[in-house]
Amino acid sequence: MQKNFKVKSEVLDREGIDRALTRIAHEILEKNKGAKHLALVGIRKRGDILAERIAEKIESIEKVKVPVGAVDITFYRDDYDIKANVDINATDLNFSVDGLDIVIVDDVLFTGRSTRAAMDVIIDNGRPKSIQLAVLVDRGHRELPIQANYVGKNVPTSEKETIILDIESNGEDKVYVAEKPEKGA
Amino acid sequence: MSFRHLITLQELPKEDIQEILNLAQSFKQVILRPIKKVPTLKGKTIVNMFFEPSTRTRTSFELAAKRLSADVLNIQMSTSSVVKGETLLDTLATIEAMQIDMVVIRHSASGVPLFLTKNIKSSVINAGDGMHEHPTQGLLDMFSIIEKKKKIEGLNVSIVGDIAHSRVARSNIWGLTKMGAKVKVVGPTTLMPKEIEKLGVTVCNDLKEGLKDADVVNILRVQLERQKKNLFPTLREYATLFGVNSEKLKYAKPDCVVMHPGPMNRGIEISPNVADGINSVINEQVTNGVAVRMAVLYLMGGGKKDEAFN
């Protein structure tokens, strides 16, 4: 877990996350009338973990394996002039996105800028039939006209707060709201 | 990390080299996809100034910049105002007045890129200066080695040929020794700079001995244009004694990696069998060059507003 963050409240526990992802899987199948032309693309890091979990749910419901990809959005970010990020993970799109209904999966929807960047990565890899968005937590404060199709939980937050997801394989599988440390702390 | 200029591998810390090489992997992935372009350097302008002939390096830098969505200007000496007597700094002042961000420079005089860093505002990348350094070639050679061997540390690397006139050799030596390789330089004494062993390399004047147990064989071009006096009797003699052919290559490890920075003099320093053989990564080096240069441009172009924000 990130250092110096003061945890204020627990938003989702292991069961809560699991139920939310199950519901999202059902909603995705309902909206797309099955999993025939479906693919999930997670935004690194953490979105890819959630994408895998949703794909497992879809497989147990529909008995179909949907392609799962992961994208790193660093080269598409709009804050390059502020910081040239070097913590870059591989983009893993081992299928053609042409003609597919792509569901972008991310952990937290905040400003919408990551989603914008992820859409550009996908479009640079081909021409999907549609792009949809699934997030585990929507915390508000949008800076772009972007709206999620599937939301695990809406969590109103203040700008000072942050959402912490502890969902890596060895984690507790919980979601918290935490307060950001004071600058210099 | 982000740095302002790239002039030498001598002064680039090991961590930064590692970071560039890691980043280049991500960019290699970009240049192998259907749309080989990312928007990262949109709105930035990069000027390629080449005061020496070059196809490979210039096109590689140009492509790297374009694949990062930067705008590129190419200025060649023969068509620039330098031929009308304008000084280098005046030419650059003119170009800088057009609001550019980075200058990629190749010059036959060692030290010109460093001189520019002290006199212009833009970021400067050395694309080869005289007999000094060619840092991006050193980086792409290391990248190509890692791709095949998964590491650099502990590998035996033999650099064969005209060490004295080679900036590629110098950048390779600085980079490779920093990353923990055991470097051997191989060539006739007349093409060996004095006191080269002080850079931490072993000197070898016999090709067979020089290739023994090599994991990597980096063959340099015989730079006829840089030789003012006759440093070896004939090209034929050089080819016989120091040309790497399949017979000689047997002294290296069977799975060795053969590299050449190009352009090749086939039949002189390298035989066609070796150049096109299974150990050769010469064409792969060219592909990797674009990825490595993208990584360098990416790291140099970003983060400029850091101070303003904090």
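Residues numbered from 1 in each chain as written. Chains lettered and ligands numbered in written order. Predicted model: local features only at pLDDT ≥ 70, side-chain atom pairs only at ≥ 80, totals over all residues. Heavy atoms only, no water.

Quick look at the overall build of chain B
Moving on, step 1. Within chain B, the secondary structure is distributed over 12 helices and nine strands.
Moving on, step 2. A compact globule built from 310 residues should have a C-alpha radius of gyration of about 19 Å, and chain B, at 19 Å, falls within 12% of that.
Moving on, step 3. Projecting the C-alpha coordinates of chain B onto the three principal axes gives extents of approximately 55 × 45 × 35 Å.
Moving on, step 4. Taking the intrachain contacts of chain B between residues at least 6 apart in sequence as the baseline, contacts between residues at least 24 apart amount to 75%.
Moving on, step 5. With an accessible surface of roughly 13,500 Å², chain B has 52% of that area assigned to carbon and sulfur atoms.
Moving on, step 6. Each charge class in chain B can be summarised by its mean position, and for the 41 positive and 32 negative side chains these summaries are 4 Å apart. (Helix = DSSP H or I, 4+ residues; strand = E, 2+ residues; numbered from the N terminus. Rg over C-alpha atoms; globule rule 2.2 N^0.38 Å. Contact = heavy atoms within 4.5 Å. Areas by Shrake-Rupley, 256 points an atom, 1.4 Å probe, with all protein chains shown as cover. Lys, Arg positive; Asp, Glu negative; His and termini not counted. Charge placed at Lys NZ, Arg CZ, Asp CG, Glu CD.)

Details of the environment of Gly128 of chain B
Residues and elements named next belong to chain B.
Moving on, step 1. By the secondary structure assignment, Gly128 is in strand β4 (residues 123-129).
Moving on, step 2. Judged by relative accessible area, which is 0%, Gly128 ranks as buried.
Moving on, step 3. Linking Gly128 and Phe50, residues 78 residues apart in sequence, is a C-alpha distance of 9.4 Å. (Buried < 20%, exposed > 50% of the residue type's maximum accessible area, 1.4 Å probe, protein only.)

Notes on the layout of surface pockets
A probe as big as a water molecule, rolled over the atoms, marks out the empty space that is left.
All names here are of chain A.
Moving on, step 1. In this model, the largest pocket occupies a volume close to 1,400 Å³.
Moving on, step 2. The wall of the largest pocket is formed by 36 residues, among which Arg46, Arg77, Asp79, Phe110 and Ser114 lie closest to the centre.
Moving on, step 3. For the lining of the largest pocket, the elements supplying multiple residues, two or more each, are β4 (101-109), α3 (113-124) and β7 (161-166).
Moving on, step 4. Taken together, the residues of the lining of the largest pocket sort by class into 12 nonpolar, nine polar and 15 charged.
Moving on, step 5. Size it by volume and the second largest pocket reaches roughly 440 Å³. (1 Å grid on protein atoms, 1.4 Å probe; cavity = no way out; pocket = protein on both sides within 12 Å on 5 of 7 lines; lining within 4 Å. Points joined across faces, edges and corners; volume = space filled by probe spheres on them. Nonpolar A, V, L, I, M, F, W, Y, C, P; charged D, E, K, R; others polar.)

Topic: the environment of Val97 of chain A
Residues and elements named next belong to chain A.
Moving on, step 1. Within the secondary structure layout, Val97 lies in the loop between β3 (68-71) and β4.
Moving on, step 2. Distance in space between the C-alpha atoms of Val97 and Ile61 is 23 Å, their sequence separation being 36 residues.
Moving on, step 3. Residue contacts for Val97: discarding those within four places in its chain leaves Ile102, Ile122, Asn125, Gly126, Arg127 and Pro128.

Here's the deal with the domain arrangement of chain B
All names here are of chain B.
Moving on, step 1. Segmenting chain B into domains produces domain 1 (14-134 + 287-309) and domain 2 (136-281).
Moving on, step 2. The gap between the C-alpha centroids of domain 1 and domain 2 is 26 Å.
Moving on, step 3. Between domain 1 and domain 2 the total buried area reaches about 2,200 Å² when both faces are included, carbon and sulfur atoms providing 61% of it.
Moving on, step 4. Three residues, Leu21, Met131 and His134, lead the burial of domain 1 against domain 2; their summed loss comes to 29% of the area buried on that side.
Moving on, step 5. Remark: the boundary between domain 1 and domain 2 carries two salt bridges.
Moving on, step 6. Glu147 serves as the salt-bridge partner of Lys28, at 2.7 Å between the closest nitrogen and oxygen.
Moving on, step 7. Broken down by secondary-structure element, the contributors of at least two residues to the side of domain 1 that touches domain 2 are α1 (14-31), α2 (56-67), β3 (102-107), β4 and α11 (282-301).
Moving on, step 8. If you tally residues by element for the side of domain 1 that touches domain 2, the top one is α1, at eight residues. (Domains from an automatic or database assignment. Buried area = accessible area lost by both parts, 1.4 Å probe. Salt bridge = Lys/Arg side-chain N within 4 Å of Asp/Glu carboxyl O.)

Examining the packing of aromatic side chains
The description of an aromatic ring pair uses the distance of the two centres, along with the angle that the planes make with each other.
Moving on, step 1. A full pass over the atoms with the stated rule returns six aromatic pairs over all chains.
Moving on, step 2. When the ring of Phe75 of chain A is compared with that of Tyr298 of chain B, the centres are 5.4 Å apart and the planes differ by 80°; the resulting orientation is edge-to-face. Within this pair, whereas Phe75 of chain A is found in the loop between β3 and β4, its partner Tyr298 of chain B is found in helix α11, the two belonging to separate chains. The burial state of Phe75 of chain A is the same as that of Tyr298 of chain B; both residues are buried.
Moving on, step 3. A centroid spacing of 5.1 Å and a plane angle of 35° characterise the contact between Tyr80 of chain A and Tyr298 of chain B, whose relative ring orientation is tilted. In this pair, Tyr80 of chain A sits in the loop between β3 and β4 while Tyr298 of chain B sits in helix α11, so the two residues belong to two different chains. Both residues of the pair, Tyr80 of chain A and Tyr298 of chain B, count as buried.
Moving on, step 4. Site record: aromatic cluster; members linked through ring pairs are Phe75 and Tyr80 of chain A together with Phe27 and Tyr298 of chain B.
Moving on, step 5. Here the basic side chain of Arg139 of chain A rests over the ring of Phe110 of chain A, its NZ or CZ set 4.0 Å away from the ring centre.
Moving on, step 6. The cationic tip of Arg293 of chain B hangs over the ring face of Phe61 of chain B; the distance from NZ or CZ to the ring centre is 4.9 Å. (Phe/Tyr/Trp six-rings, centres within 6.5 Å; stacked < 30°, edge-to-face > 60°. Lys NZ or Arg CZ within 6 Å of the ring centre and 35° of its normal.)

A word on the interface of chain B and chain A
Moving on, step 1. Residue-level contacts link 26 residues of chain B with 17 residues of chain A.
Moving on, step 2. Both sides together, the interface formed by chain B and chain A hides about 1,800 Å², and carbon and sulfur atoms give 56% of it.
Moving on, step 3. Together, Gln29, Arg33 and Tyr298 of chain B form the three largest contributors to the area buried by chain B at its contact with chain A, with a combined 26%.
Moving on, step 4. Joining chain B to chain A, the criterion identifies two salt bridges.
Moving on, step 5. Between Asp124 of chain A and Arg33 of chain B there is a salt bridge, and its shortest N-O distance comes to 3.7 Å.
Moving on, step 6. Our enumeration of links across chain B and chain A arrives at seven residue pairs in polar contact (both at pLDDT 80 or more).
Moving on, step 7. Broken down by element, the side of chain B that touches chain A gets its largest block of residues, six residues, from α1 of chain B.
Moving on, step 8. The residue inventory of the side of chain B that touches chain A, partitioned by class, reads 13 nonpolar, six polar and seven charged. (Polar contact = N/O pair within 3.5 Å; in protein donor to acceptor, adjacent residues only side chain to side chain.)

Comments concerning the sheet that holds β4 of chain B
All names here are of chain B.
Moving on, step 1. Read from one edge of the open sheet, four strands run β2-β1-β3-β4, paired in parallel fashion. Strands with a single pairing partner mark the edges of an open sheet, and in this sheet they are β2 (71-76) and β4. Averaged over all pairs of adjacent strands, the angle between strand axes in this sheet comes to 15°, irrespective of strand direction.
Moving on, step 2. Pairing analysis gives six bridges linking strand β1 (residues 45-50) to β2, with the strands arranged parallel. Across the sheet, the residue bridging to Phe50 is Gln76, located in β2. (Pairing = 2+ DSSP bridges. Axes fitted to C-alpha atoms, helices over the stretch in contact; angles between N-to-C directions.)

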